[in-house]
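# Inside the fold
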Amino acid sequence: MLNVLKVRIYPNKQQEIALNRNLGCARFVWNYYLNKTNSQYQEIGKGMSYCQMAKDLTQLKKISDYEWLTEATAATLQQALKNLESAFKNFFEKRAKFPRFKSKHKKQSIRYPEGCSIKKGGLALPKIGVVKAKITRQITDKIKSVTLSKTSTDKYFACLLFETEDKATISKSAECTDAFGVDSQSSRVVGKISGIDLGLSSLVTVFDGEKTYSIDPIKPIRKYAKQLRRRQQNLSRKVKGSSNRQKNIKRVAKVHEKVANTRADFLHKLSRKLCDENQIVVAENLNIKGLARTKLAKSPTPLAPLLGGDGGGFGMLLNFLSYKLEREGGLLIEVDRFFPSTKLCSCCNFKNNLLTLSIRDWVCPECQTHHDRDENAAKNLRQEGLRILSTSQPRSTLKLSEVEVPTNTEGHSEFQACGETVRLVNTCIKQQVSMNQESPVTASA
Ligand SMILES: [Zn+2]
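In what follows, the accompanying structure is described. (Residues numbered from 1 in each chain as written. Predicted model: local features only at pLDDT ≥ 70, side-chain atom pairs only at ≥ 80, totals over all residues. Heavy atoms only, no water.)

### Concerning the environment of E114
Formally: Under the DSSP-based scheme used, a helix requires at least four consecutive residues in state H or I and a strand at least two consecutive residues in state E, with every element numbered from the N terminus. We call two residues in contact whenever any of their non-hydrogen atoms come within 4.5 Å of each other.
Here E114 shows up in the loop between β2 (108-112) and β3 (117-119). Discounting residues that sit within four places of it in the chain, E114 has contacts with P126 and K144.

Here's what the structure looks like:
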């Protein structure tokens, strides 16, 4: 199993200069070949491949004007070219935007595909030597590669990639197969299974089969919002291109960094807690990209900074949960987002189509149960997770009559942001189509 450890490194002055030079060379190589492949494309209608670029780079290094490129570790420059090639590939396969030129003032990184090791408690890098590092975990395995990055606030980090055979994983997964083998009603399930509903008023609502509880989003981020506003105002008054402006850009970046760190810390702790308490967690498969394009991402709720510009809060949480559970032999089940978790009654399965966004609690007209919106959703998600487990069908198969296209786009996957309806983008419809095709039942809609 591949494992990554991100550590902060503290290069001394000399090492910092050498590192910055290497970062600069890699940046230059990226920008130079991005420009070159662009102009070649305009001339002959074909860009450059990695091989062509790498060959060209070797020639370029021999020209006296570009001799300084040899100061950098050659492998890191080749890696930059490989990254450029995959950036183009991602663009052509519509996964990413067109590759952009890299700036000296933004986050920068280089990758050492080989030659790195841990020595004397520090990190040994080619051409740079042993850099002081805060290595929090003992790594006995061979390091495969190291990605070194410099943030816009001048901090250095190294991501160490190494292969481990985690003993904890093996022992726990043996237990786990047992848990998966039993049917949903049985009490033989070893670990706990919880359904979690993601929302705005409370970040997560957890139902573990016995009780429900909710966890509120973090508040201290408000403090930073004010700071950010003031610093951004200051920045806007500075003359473009001045060194004062550069200084202020850094000050703004520092606040952003604080917010990001606070958010990551909170989500790490939350996912750790959920992972420790449960063997299996069931959550909605959210359309994070869709969320980001809605009003929600810009909503003036205290949570907006937590979500980030990209709706990253939920996505990050699910990501953390997924790998933490997997590492310990657990499982994150993502229920299809067309599953109407908020609308179903968790007692009698009555589907309440009258439920609007502003209704926080409701009484089921069928069985008269009083429901809290989030708690009910968490219960439904857990139930659905159990069903998926027992049929060992990873995908949620709904009765298609229930999946009416128009109502479902504003169905359970809708979110409440100050009472506003948030519509998801048409990717829902696309997914819908693929689901219909895979289902044995033909769609009536
Ligand atoms: Zn009911």
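### Things to note about the pairing of strand β8 (residues 193-198)
The condition is simple: In this scheme, a residue with accessible area under 20% of its type's maximum is buried, one over 50% is exposed, and one in between is partly exposed, where area comes from a 1.4 Å probe on protein chains only. In short, DSSP must find at least two bridges between two strands for them to pair.
Judged by how many residues are buried, β8 sits mostly within the fold: six of six residues are covered. Where burial is concerned, the two faces of β8 agree: the one with I193, G195 and D197 and the one with S194, I196 and L198 are both buried. Alignment of β8 against strand β9 (residues 204-207), held across four bridges, turns out to be antiparallel. Bridging across to β9, I196 finds its partner in V206.

### Quick notes on the pattern of salt bridges
Our working rule: Within this document, salt bridges are pairs made up of a side-chain nitrogen of Lys or Arg and a carboxyl oxygen of Asp or Glu, the two lying within 4 Å of each other.
With the rule as written, the count across this model stands at 16 salt bridges. D208 is paired through a salt bridge with K211; the nearest N and O atoms lie 3.0 Å apart. By relative accessible area, which is 7% here, D208 ends up buried. In the salt-bridge network here, residues are joined through shared partners; they are K150, D154 and K250.

### Comments concerning helix α3 (residues 74-92)
Worth spelling out the cut-off: For a helix, the expected span equals 1.5 Å multiplied by the residue count minus one.
For α3, with 19 residues, the first-to-last C-alpha span of 28 Å sits near the 27 Å given by 1.5 Å per residue. Every buried residue belonging to α3 is among A75, T76, L77, Q79, A80, L81, L84, A87 and F88, and all of these are buried. Just past α3, the residue K94 takes up positive phi, approximately 60°.

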